[in-house]
Amino acid sequence: MARIKDIISPFTAWKNVVKEPVTIKEPLKREAAPRYRGFHKNDVDTCIGCGTCESICQNAAIDMVPVEGIETKNGDSGLRPRIDYGRCCWCALCVDVCTTGSLSMSNHFKWVDSDPDVFRFIPGVDKKEWDDEPNGYKKPGPNYELYSKERVHMPELKPEERDKSFIEIVRGYSREQAIKEADRCVECGICVATCPAHMGIPEYIKAIRNDDLNEGLRILYDTNPLPEICGRICTHKCETVCSVGHQGDPLSIRWLKRYIADQQPAENYKQILETENISKNGKRVAIIGAGPAGLSAAHYLALMGYECTIFEKLPLPGGMMRYGIPEYRLPYDALDKDIDYIKSLGVEIRCNTTVGKDITLEELHNQYDAVFTGTGLHLGRSTRIPGTDHPHVYQAVDLLRDVTMGKEIPAAQSIVVIGGGNVAMDITRTLARIQNQRYGKVNIITTSLESENEMPADREEVVEAREEGATIIPGWGPVKIEIENNKIKGLHVVKCVSVFDENRRFNPKFDETQTDFFAGEMVVESIGQGMDLSYLPESIKDNLKLDSRGRIVVNDYFQSSVEWLFVGGDIIQGPDVIHGIANGHKAAIGIDRFLGGKK
Ligand SMILES: Cc1cc2nc3c(=O)[nH]c(=O)nc-3n(C[C@H](O)[C@H](O)[C@H](O)COP(=O)(O)OP(=O)(O)OC[C@H]3O[C@@H](n4cnc5c(N)ncnc54)[C@H](O)[C@@H]3O)c2cc1C
Ligand code: SF4
Ligand code: SF4
């Protein structure tokens, strides 16, 4: 039944006839609120193409695309985000997550065009009228983050707990700490290209988040058979480009790798890595040098079925990892865990066997199908200033080798070290520990040509050396060792004003008016190492192509111009462990191709 209200209500609408209309006459002239989320802007020079914005967009409105004029380089994929306004819902998650803060939104909301394709554009590259608009939406202030900017603190021994012993300083993450740190990863993968071994970094970090450490170990071993070692001492180039590091602390990638490797005892490796039954292919490869390059080549060749024998000059395998890097950074049990697993795959390591003396390279060529050599840089370099021929002037690498061999090494009450790199810091800190043990105090001065900011040593090494009592005085060039009555008195130095010329070539300049004298009874030189290729016979040397610096020329598979001879590690590239590993892996693939494996 019709009610009286239904009959009257159409007439009540007439009361609006005299009111102002609410529709806007010219909607395109209307201004937006200052923080309105309009079309995107991107500072393409700051953007690193990490693609985190693309990953977070729930509408798949972002594609990462190449841009002319922007090159792929370390820490920059060369790609830039392209937005599709047919999909975008203006949620601004991409802006909130942007690892560099380069992406923002204008408050421009009017865009009229008859061509639908133009609504897909690359902000910052395809120039738009809103590019210079100050208003819009930016990632809010410092306490608004989708991921934590702070690295989970790594427990470490305090200076007073470590300065007299060689106990490992870094203690390692607990499960909770590792998962918390792994949670900060945005999985962009910008680190992968920078890692010389191209490790599956986001994948193994994800395995930590999922608490699936067996999977983590499998991913590590895909590209790196020395994870306990690299988890401790890798030069971690990946961390220098980590996208999270642009607005916070870079992820602790190296310690996360160590966390995975630390969790499983070596006895379980074969089962986890499914390497219990490897079928042999009947071919044999000789490897010279049991450093990271040789060990890595042996590991991957053994997995392919090759019988591998490593010939090693020193009493134990490991190369510079054992005979250079001190135990407070890399304890021998961690080193042995990685090496023992490689041996368990059937790799034979013949120690105390020098190629060129105990067996010749020609003999290896006759007895094996191919040879890989990775003999490293073991000859110390001298400054050759007056006084360096005194018996109390030493080479850092010789002393470090003697420490590993358990020899009593000379450590006077006062010492001067020349050098500003990591090897110089290692010998400084080693000698400081020995001085502390012998004399109860540290008296060591380490001086470098480079200024404090230019010193090639890692910052943490310099800081920790000072914490342990060493005096680091950068910016001085050694001139002469003062000797009186056949005893060393100290080192004369002159101010170094610049180390490199305008072409970044080593060309130190000095201010002769500024001099100093560093007192010490013993001097240690740590200014780099050279290679000893005397084991190469003339007949082979004649056919080897060398570059202008005397290094053996190799192809992409580290194969030399003598086709059965593959070369890797410090004598070709580096110098660091991860380059050796990457070279050894690639050479193993090359040897397999050469011997008729994969084509
Ligand atoms: C003090 C010090 C600290 C370092 N710290 C780090 C670090 O923290 N992180 C990092 O990544 N890198 C570090 N490095 C560099 C790193 O150790 C080397 O880059 C790496 O070990 C090189 O690997 P390789 O396989 O080429 O050679 P090496 O490790 O040098 O191994 C070569 C092996 O070949 C053997 N050999 C040589 N000639 C013969 C022969 N004729 N017959 C048989 N065997 C032979 C040697 O005895 C040696 O065992 C450090 C180096 C030093 C010296
Ligand atoms: S604003 Fe939201 S929907 Fe639009 S591109 Fe960014 S994340 Fe995707
Ligand atoms: S998240 Fe930021 S830095 Fe990374 S690609 Fe997107 S806009 Fe560039």
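Below: a short report on this structure. Small disclaimer: the values here were computed from a predicted structure and weren't measured.

## Observations concerning the packing of helix α18 (residues 422-439) against helix α19 (residues 459-467)
- Packing of α18 against α19 leaves a shortest axis separation of 10 Å and a crossing angle of 20 degrees. On the basis of the axis angle, α18 is roughly parallel to α19. In this structure, α18 crosses over α19, and the sense of that crossing is left-handed. Contact residues: α18 offers N422, M425, D426 and R429, while α19 offers E461, V462, E464 and A465.

## Quick notes on the state of the cysteines
- Applying the stated criterion across every chain yields a total of zero disulfides.
- In this structure C351 is not part of a disulfide, and its nearest cysteine sulfur, from C308, lies 15 Å away.

## Details of the site of ligand 3
- The environment of ligand 3 is formed by 14 residues, the closest being C47, C50, G51, C53 and C98.
- Of the residues belonging to the shell around ligand 3, the class tally is eight nonpolar, six polar and no charged.

## Regarding a nonpolar patch on the surface
- There is a patch of nonpolar side chains on the surface, built from F11, W14, V17 and V18 and spanning about 540 Å² of accessible area.
- Among the secondary structure elements, V17 is positioned in the loop between α1 (4-12) and β1 (40-42).
- On the basis of relative accessibility, which here comes to 59%, the residue V17 falls in the exposed class.

## Quick notes on helix α5 (residues 175-182)
- Among the residues making up α5, those that are buried are A178, I179, E181 and A182. Summarising the axial view, the buried residues of α5 lie within an arc of 165 degrees, below the 170-degree limit, and thus occupy one face. Turned more than 90 degrees from where α5 packs its buried face, E176 and K180 sit exposed.
- For α5, the secondary structure elements touched by its buried residues are α7 (201-209) and α11 (253-263).

## Focus on the pattern of salt bridges
- Per the stated rule, a full pass over the model turns up 38 salt bridges.
- For E468, the salt bridge identified is with R429, shortest N-O distance 2.8 Å. With E468 in the loop between α19 and β14 (471-474) and R429 in helix α18, this pair connects stretches of sequence that are 39 residues apart.
- Overall, E468 belongs to the buried group, its relative accessible area being 2%.
- Judged by relative accessible area, which is 1%, R429 ranks as buried.
- For E538, the salt bridge identified is with K541, shortest N-O distance 4.0 Å. Remark: K541 and E538 occur in helix α20 (residues 538-541); sequence separation between them is three residues, near one turn of the helix.
- Owing to a relative accessible area of 53%, E538 belongs among the exposed residues under this scheme.

## Some details on the side chain of E464
- Within the secondary structure layout, E464 lies in helix α19.
- At 2.9 Å, the side chain of E464 and the side chain of R429 are in polar contact.
- Excluding anything up to four places from it in sequence, E464 contacts E156, R162, I169 and R429.

## Digging into the packing of aromatic side chains
- Enumeration over the complete set of coordinates arrives at 20 aromatic pairs.
- Plain terms: the ring middles of Y221 and Y341 are 5.3 Å apart, the flat faces sit at 75 degrees to each other, and that makes the pair edge-to-face. Separated by 120 residues along the polypeptide, Y221 in helix α8 (residues 213-223) and Y341 in helix α15 (residues 332-344) bring together distant segments of the chain. Accessibility assignment for this pair places Y221 and Y341 in one class, buried.
- When the centroid spacing of 6.3 Å and the interplanar angle of 70 degrees are considered together, the rings of F500 and F506 count as edge-to-face.
- Of the residues examined, F500 reaches a relative accessible area of 28% and is grouped as partly exposed.
- A residue is classified by how much of its surface remains accessible, and F506, at 54% relative accessible area, is exposed.
- Among the aromatic side chains, those forming a connected cluster through ring pairs are F39, Y85, W90, W111, F119, F121 and W130.
- The aromatic ring of Y137 is capped on one face by R37, whose charged end is 5.9 Å from the ring centroid.

## Focus: the packing of helix α13 (residues 292-303) against helix α21 (residues 577-594)
- Contact geometry for α13 and α21: axes closest at 7 Å, N-to-C directions at 35 degrees. Between α13 and α21 lies a crossing whose hand is right-handed. Where α13 abuts α21, its residues P292, A293, S296, A297, Y300 and L301 lie against V577, G580, I581, G584, H585, A588 and I591.
- Class assignment for the residues of the contact of α13 with α21 results in nine nonpolar, four polar and no charged.

## As for the sheet that holds strand β16 (residues 487-500)
- With antiparallel pairing, three strands are arranged side by side in an open sheet as β15-β16-β17. Whereas interior strands pair on both sides, the edge strands pair on one side only; in this sheet they are β15 (476-484) and β17 (506-519). The mean angle between the axes of side-by-side strands here comes to 25 degrees, regardless of whether they run parallel or antiparallel.
- Relative to β17, β16 is paired through nine bridges, and the arrangement is antiparallel.

Cut-offs used in this document
Residues numbered from 1 in each chain as written. Chains lettered and ligands numbered in written order. Predicted model: local features only at pLDDT ≥ 70, side-chain atom pairs only at ≥ 80, totals over all residues. Heavy atoms only, no water. Axes fitted to C-alpha atoms, helices over the stretch in contact; angles between N-to-C directions. Helix = DSSP H or I, 4+ residues; strand = E, 2+ residues; numbered from the N terminus. Parallel < 35°, antiparallel > 145°, perpendicular 65-115°, else oblique. Left-handed = near helix turned anticlockwise from the far one by under 90°. Contact = heavy atoms within 4.5 Å. Disulfide = S-S within 2.5 Å. Near = heavy atom within 4 Å. Nonpolar A, V, L, I, M, F, W, Y, C, P; charged D, E, K, R; others polar. Patch = residues over 30% accessible without salt bridge, like charges linked within 9 Å, V, L, I, M, F, W, Y side chains within 5 Å. Areas by Shrake-Rupley, 256 points an atom, 1.4 Å probe, with all protein chains shown as cover. Salt bridge = Lys/Arg side-chain N within 4 Å of Asp/Glu carboxyl O. Buried < 20%, exposed > 50% of the residue type's maximum accessible area, 1.4 Å probe, protein only. Arc of directions from axis to C-beta. Polar contact = N/O pair within 3.5 Å; in protein donor to acceptor, adjacent residues only side chain to side chain. Phe/Tyr/Trp six-rings, centres within 6.5 Å; stacked < 30°, edge-to-face > 60°. Lys NZ or Arg CZ within 6 Å of the ring centre and 35° of its normal. Pairing = 2+ DSSP bridges.

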